[in-house]
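Chain by chain, the residues:
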Amino acid sequence: MFSLKKLSPTITDMIRFDHSHALLTFHQYKAATRPTVKKALAETVCTALEIHATLEEEIFYPAVRLLNPEEEVIRKSVPEHDEMRRIIAELRITDPKEVRHDELMHDLMRDVMHHVADEESVLLPEAENMLPAERLSELGADMASRRMALMAPKTGSIVANTAIGFSGSTTAIVMGIAGALLAAKAFSKKSADKTA
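Nothing here was measured: the structure is a model prediction, and the numbers come from that model.

## A few points about the overall build of the protein
Here is step 1 of the chain: Counting its secondary structure elements, the protein contains 7 helices and 0 strands.
Here is step 2 of the chain: Counted from the first residue to the last, the protein has its helices and strands arranged as α-α-α-α-α-α-α.
Here is step 3 of the chain: Here the protein holds 196 residues, and 42% of them are scored as buried.
Here is step 4 of the chain: In the protein, once contacts between residues fewer than 6 apart in sequence are set aside, the share between residues at least 24 apart is 77%.
Here is step 5 of the chain: With an accessible surface of roughly 10,200 Å², the protein has 63% of that area assigned to carbon and sulfur atoms.

The following block contains the structure:
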């Protein structure tokens, strides 16, 4: 029987894409940028990181933990996610005109880059070696579905922050808006299918 899950990008490829998106957003952030743009970029990266961390904790880490319960990178990843969430909470209440806002963005960037390096050099290759390609695609489909559910209530703010934060990049705006709209549409259809 044909399964759409076989066509899904693998979970490891999706995680790498998320990492690239976060790093691209960090790259757009400059201390000299207008405060509204800084706030939009910060919110874009914060929302993306929160969704990413939730997806890893709910779907990816449990799958890898079954294969290697002692994996050190997973053991330290959840506390790193907690520290990231602490920084995000402070960043969201800090005025983008304050120097502290820039410091928090740089702290977040540093922590995320360290976390990404651990995952991409250890955890993702380990998962790809231990899990069959079909299972990686199934997990990718699960991650895509859960991402849509997490994004749906935030679609408006994702679109607005992408438009403001990436105002110099038409491609990023189009991709952000299209992704948010597709996620909302797919989630709405899925919700409608469940009630029918």
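## Observations regarding the confidence of the model for the protein
Here is step 1 of the chain: For the protein, the average pLDDT comes to 84, and 81% of its residues sit at 70 or higher.
Here is step 2 of the chain: Mean pLDDT across the elements of the protein ranges from a minimum in helix H7 (residues 170–195), with 50, to a maximum in helix H4 (residues 99–130), with 95.
Here is step 3 of the chain: Across residues 170–174, confidence stays below pLDDT 50; counting only partners more than four residues off in sequence or on other chains, it has 6 contacts.

## Points about the side chain of threonine 155
Here is step 1 of the chain: Its location among the elements puts threonine 155 in helix H6 (residues 155–165).
Here is step 2 of the chain: For threonine 155, a relative accessible area of 11% corresponds to the buried category.
Here is step 3 of the chain: Here the side chain of threonine 155 touches alanine 152 through a polar contact of 2.9 Å, landing on its backbone oxygen.

## Details of helix H5 (residues 133–151)
Here is step 1 of the chain: An ideal rise of 1.5 Å per residue puts 27 Å on 19 residues; H5 measures up with 26 Å between its terminal C-alpha atoms.
Here is step 2 of the chain: Every buried residue of H5 is listed here: Leu136, Ser137, Leu139, Gly140, Ala141, Met143, Arg147, Leu150 and Met151.

## Comments concerning empty space enclosed by the protein
Here is step 1 of the chain: For the coordinates displayed, the defined rule picks out 1 cavity of 30 Å³ or more.
Here is step 2 of the chain: Volume-wise, the largest cavity comes out at about 30 Å³.
Here is step 3 of the chain: Breaking the lining of the largest cavity down by element, the ones donating at least two residues are helix H2 (35–67) and helix H3 (72–93).
Here is step 4 of the chain: The biggest single contributor to the lining of the largest cavity is H2, with 4 residues.
Here is step 5 of the chain: The residue inventory of the lining of the largest cavity, partitioned by class, reads 3 nonpolar, no polar and 3 charged.

## What about the pattern of salt bridges?
Here is step 1 of the chain: Applying the stated criterion across every chain yields a total of 19 salt bridges.
Here is step 2 of the chain: Ionic pairing is found between glutamate 70 and arginine 75, a salt bridge with its closest N-O pair at 3.9 Å.
Here is step 3 of the chain: Here arginine 75 falls in the partly exposed class, since its relative accessible area comes to 48%.
Here is step 4 of the chain: Ionic pairing is found between aspartate 118 and lysine 76, a salt bridge with its closest N-O pair at 2.8 Å. Of this pair, aspartate 118 sits in helix H4 while lysine 76 sits in helix H3; the two residues are 42 residues apart in sequence, bridging distant segments of the chain.
Here is step 5 of the chain: Connected via shared salt-bridge partners are Glu83, Arg86, Glu90, Arg100 and Glu103.

## Looking at the packing of helix H1 (residues 11–28) against H4
Here is step 1 of the chain: Across the interface, H1 lies against H4 with an axial gap of 10 Å and an inter-helix angle of 160 degrees. As summarised for this structure, H1 and H4 are arranged roughly antiparallel, according to the angle between their axes. Considering the relative orientation of H1 and H4, their crossing is left-handed. Contacts from Thr12, Asp13, Ile15, Arg16, His19, Leu23 and Phe26 in H1 reach Met105, Leu108, Met109, Val112, Met113, Val116, Glu119, Glu120, Leu124, Pro125, Ala127 and Glu128 in H4.

Criteria and cut-off values
- Residues numbered from 1 in each chain as written.
- Predicted model: local features only at pLDDT ≥ 70, side-chain atom pairs only at ≥ 80, totals over all residues.
- Heavy atoms only, no water.
- Helix = DSSP H or I, 4+ residues; strand = E, 2+ residues; numbered from the N terminus.
- Buried < 20%, exposed > 50% of the residue type's maximum accessible area, 1.4 Å probe, protein only.
- Contact = heavy atoms within 4.5 Å.
- Areas by Shrake-Rupley, 256 points an atom, 1.4 Å probe, with all protein chains shown as cover.
- pLDDT = per-residue confidence, 0-100.
- Polar contact = N/O pair within 3.5 Å; in protein donor to acceptor, adjacent residues only side chain to side chain.
- Expected span 1.5 Å × (residues − 1).
- 1 Å grid on protein atoms, 1.4 Å probe; cavity = no way out; pocket = protein on both sides within 12 Å on 5 of 7 lines; lining within 4 Å.
- Points joined across faces, edges and corners; volume = space filled by probe spheres on them.
- Nonpolar A, V, L, I, M, F, W, Y, C, P; charged D, E, K, R; others polar.
- Salt bridge = Lys/Arg side-chain N within 4 Å of Asp/Glu carboxyl O.
- Axes fitted to C-alpha atoms, helices over the stretch in contact; angles between N-to-C directions.
- Parallel < 35°, antiparallel > 145°, perpendicular 65-115°, else oblique.
- Left-handed = near helix turned anticlockwise from the far one by under 90°.

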